[in-house]
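Inside the fold
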Amino acid sequence: MDTSEYDQIPYERSCIPTASPERLAMLARLAGFAAPGLDSPRVLEIGCGDGGNLLPLAFYHPGWKIVGIDPSKVAIDKAEQARQLLGLENLSFETMDVRELEPGEGFDFVLCHGVYSWVAPDVREAILDRGASVLSPHGLFYLSYNTQPGWGMRGLVRDRLRATHSGSSLKDSAQRAKNTLGQLTSLLGEAEGHPYIDLLKRELDFASNRPVYHLTHEYLTEHNRAFWF
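First, a word on scope: everything that follows refers to the structure included in this document. Just so you know, these numbers come straight off a predicted model, no measurement behind them.

Let's talk about the overall build of the protein chain
Per the secondary structure count, the protein chain includes eight helices and seven strands. By the compact-globule yardstick of 17 Å for 229 residues, the protein chain fits well, its C-alpha radius of gyration being 19 Å. The dimensions of the protein chain, computed from C-alpha atoms along their principal axes, are 55 × 40 × 30 Å. Here the protein chain holds 229 residues, and 44% of them are scored as buried. Long-range pairs, those at least 24 residues apart, make up 74% of the contacts in the protein chain with a sequence separation of at least 6.

A look at the packing of helix 7 (residues 195–208) against helix 8 (residues 212–220)
Viewed as axis vectors pointing N to C, helix 7 and helix 8 meet at an angle of 135°, and their least axial separation amounts to 10 Å. As summarised for this structure, helix 7 and helix 8 are arranged oblique, according to the angle between their axes. Taken together, the residues of helix 8 that come into contact with helix 7 (itself represented by Glu 203, Phe 206 and Ala 207) are His 214, Leu 215 and Tyr 219.

A word on the sheet that holds strand 1 (residues 42–46)
As summarised here, the arrangement of the five strands in space is 3-2-1-4-5, forming an open sheet in which the pairing is parallel. On the outer flanks of this sheet lie strand 3 (91–95) and strand 5 (135–143), each paired with one strand and no other. Adjacent strand axes in the sheet meet at a mean angle of 15° when their direction is disregarded. With five bridges joining them, strand 4 (residues 107–112) and strand 5 adopt parallel strand pairing. Note that in strand 5 the partner of Val 110 across the bridge is Phe 141.

Considering the pairing of strand 1
Extensive coverage of strand 1 is indicated by the burial of four of its five residues. Taken together, strand 1, helix 2 (residues 54–60) and strand 2 (residues 65–70) form a β-α-β motif whose crossover is right-handed. Pairing between strand 1 and strand 4: three bridges, direction parallel. Its bridge partner lying in strand 4, Val 43 is registered against Phe 109.

Observations concerning the packing of aromatic side chains
Following the criterion strictly, the structure yields four aromatic pairs and no others. Ring geometry for Phe 59 versus Tyr 60: centroids 5.0 Å apart, planes at 85°, classification edge-to-face. Consider the rings of Tyr 145 and Phe 227, whose centres lie 6.0 Å apart with planes at 85°: the pair is edge-to-face. You can see Tyr 145 sitting in the loop between strand 5 and strand 6 (147–148) and its partner Phe 227 sitting in strand 7 (residues 227–228), a full 82 residues away along the chain. Assessed through its relative accessible area of 15%, Phe 227 is described here as buried. An aromatic cluster is present here, built from Tyr 116, Tyr 145 and Phe 227 joined pairwise through their rings. Lying across the ring of Phe 107, Arg 42 places its NZ or CZ 4.6 Å from the centre.

What counts, and where the lines are drawn
- Residues numbered from 1 in each chain as written.
- Predicted model: local features only at pLDDT ≥ 70, side-chain atom pairs only at ≥ 80, totals over all residues.
- Heavy atoms only, no water.
- Helix = DSSP H or I, 4+ residues; strand = E, 2+ residues; numbered from the N terminus.
- Rg over C-alpha atoms; globule rule 2.2 N^0.38 Å.
- Buried < 20%, exposed > 50% of the residue type's maximum accessible area, 1.4 Å probe, protein only.
- Contact = heavy atoms within 4.5 Å.
- Axes fitted to C-alpha atoms, helices over the stretch in contact; angles between N-to-C directions.
- Parallel < 35°, antiparallel > 145°, perpendicular 65-115°, else oblique.
- Pairing = 2+ DSSP bridges.
- Right-handed = clockwise from strand over helix to strand, strands pointing away.
- Phe/Tyr/Trp six-rings, centres within 6.5 Å; stacked < 30°, edge-to-face > 60°.
- Lys NZ or Arg CZ within 6 Å of the ring centre and 35° of its normal.

Given below as structure tokens:
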């Protein structure tokens, strides 16, 4: 994946409750499946970004062995700086494309949040293949992705904003996208009374209030595919 433009955009992430190993283990057991123990599991996050999800996990679970990989060196450097600041010896970060991940590591939890829908088809294939290849016998794989039909209106707005992206850097495109959102909002004005109009206004309002990193990731990036569940 070419991440050179994304490396120039500041962003941050917070802990992802739905990707918590405790929650995943509980859901697996409620569904009647075996689940890894939580005393000293091995955890891998594919596409860990700047470590916002893994840093609190490592801090509150010193007995866990946690690894984060991401193709962005800028993001990994930021994550490593935070790791060293907190003195977390149970956590490590590596600049790595998921396609380079070697099988057989035996992770009890493999997490991949906010990545699958946003990457090229060969990377999606690698996420599934390589992620499965590093699971322990009763390991759990958490994967998030956009779904239809709920994503339809967001896809409509994304297509319009992507038209402002052609030939521009992501930073310039983000500003142009903000301008376009404002124009579309003004055009709708006080129009109401139709479900599609209401949905569109809500989506425009949502997109207009997103920080730059989210706007580029969700609406302007080359790949963003929603799947029928």
